[in-house]
Amino acid sequence: QVQLVESGGGLVEAGGSLRLSCAASGSSISNSATGWYRQAPGKQRELVASISRIGRTNYADSVKGRFTISRDNAKNTVYLQMNSLQPEDTAVYYCNRGSTYGNTYSSSNQWGQGTQVTVSS
């Protein structure tokens, strides 16, 4: 059973940056696609970025140009670099192992515990 552990969240001022990490154990993280989701209070969980097995990336319109997803196979870790953060980016961020078909990411039931990102105005 693969385990996913997110880290890197915190409190940052608007305009600042954070880098989230999703470390996998029990399986190679490059054997599947990985998605970063976020869930703000009172809102549904939403996909913000994904990376396929072959490294193809996709982003939600709300984060395009500000967030970058990447993968380090040697460290078995997927990252989410978040720049120009805004208060509306405040949420708990989760990583997920799933699959992709074209530009469509499908989640699985393999989730990390989440990491809180809070952006102050």
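Given the structure is predicted, the values throughout are model-derived calculations rather than measurements. (Residues numbered from 1 in each chain as written. Predicted model: local features only at pLDDT ≥ 70, side-chain atom pairs only at ≥ 80, totals over all residues. Heavy atoms only, no water.)

Trainee: Lay out the sheet that holds strand β1 (residues 3–7) in plain terms, naming residues and giving numbers.
Mentor: Taken in spatial order, the four strands line up as β1-β3-β8-β7 in an open sheet, and their pairing is antiparallel. Only two strands of the sheet have a single partner each, and these edge strands are β1 and β7 (67–72). The sheet shows a mean angle of 15° between the axes of neighbouring strands, taken without regard to direction. Of the strand pairs in this sheet, strand β3 (residues 18–25) and strand β8 (residues 77–82) are connected by six bridges, and their pairing is antiparallel. Bridge pairing in β8 links A23 to T77. (Pairing = 2+ DSSP bridges. Helix = DSSP H or I, 4+ residues; strand = E, 2+ residues; numbered from the N terminus. Axes fitted to C-alpha atoms, helices over the stretch in contact; angles between N-to-C directions.)

Trainee: Can you lay out the environment of Y93 for me, pointing to particular residues and giving the numbers?
Mentor: Looking at where Y93 falls in the secondary structure, it is placed in strand β9 (residues 91–101). Between the C-alpha atoms of Y93 and T115, which are 22 residues apart in sequence, the distance is 5.3 Å. In this structure the side chain of Y93 is engaged in a polar contact, spanning 3.0 Å, whose partner is the side chain of R38. (Polar contact = N/O pair within 3.5 Å; in protein donor to acceptor, adjacent residues only side chain to side chain.)

Trainee: A description of the state of the cysteines should follow, citing residues and the corresponding values.
Mentor: Within the structure shown, the criterion is met by one disulfide. Through a disulfide, C22 is tied to C95; the S-S separation comes to 2.1 Å. What sets the handedness of the C22 and C95 disulfide is the S-S torsion sign, and at about 70° it is right-handed. Note that C22 is positioned in strand β3 and C95 in strand β9, a separation of 73 residues in sequence. Residue C22 shares its accessibility class with C95, and that shared class is buried. (Disulfide = S-S within 2.5 Å. Buried < 20%, exposed > 50% of the residue type's maximum accessible area, 1.4 Å probe, protein only.)

Trainee: Provide a residue-level description of the environment of A74, including the pertinent values.
Mentor: As for its placement among the helices and strands, A74 is situated in the loop between β7 and β8. Accessibility expressed as a relative area gives 79% for A74, which makes it exposed. The sequence separation of A74 and E13 amounts to 61 residues, and the corresponding C-alpha distance is 32 Å.

Trainee: Break down the packing of aromatic side chains for me, citing the residues and quoting the values.
Mentor: This model, assessed by the stated rule, comprises three aromatic pairs. Centre to centre, the rings of Y37 and W111 are 4.9 Å apart; their planes meet at 70°, and the pair counts as edge-to-face. Highlighted residues: Y37 in strand β4 (residues 33–39) and W111 in strand β10 (residues 104–111), separated in sequence by 74 residues. Classification of W111 as partly exposed rests on a relative accessible area of 31%. Residues Y94 and W111 carry aromatic rings whose centres are separated by 6.3 Å and whose planes lie at 90° to one another, so their mutual orientation is edge-to-face. A residue pair is termed long-range when its members are at least 10 positions apart, and Y94 in strand β9 and W111 in strand β10 qualify at 17 residues. These aromatic residues form a ring-pair network of at least three members: Y37, Y94, Y105 and W111. Above the ring of Y79, the side-chain terminus of R19 is found at 4.1 Å from the ring centroid. (Phe/Tyr/Trp six-rings, centres within 6.5 Å; stacked < 30°, edge-to-face > 60°. Lys NZ or Arg CZ within 6 Å of the ring centre and 35° of its normal.)

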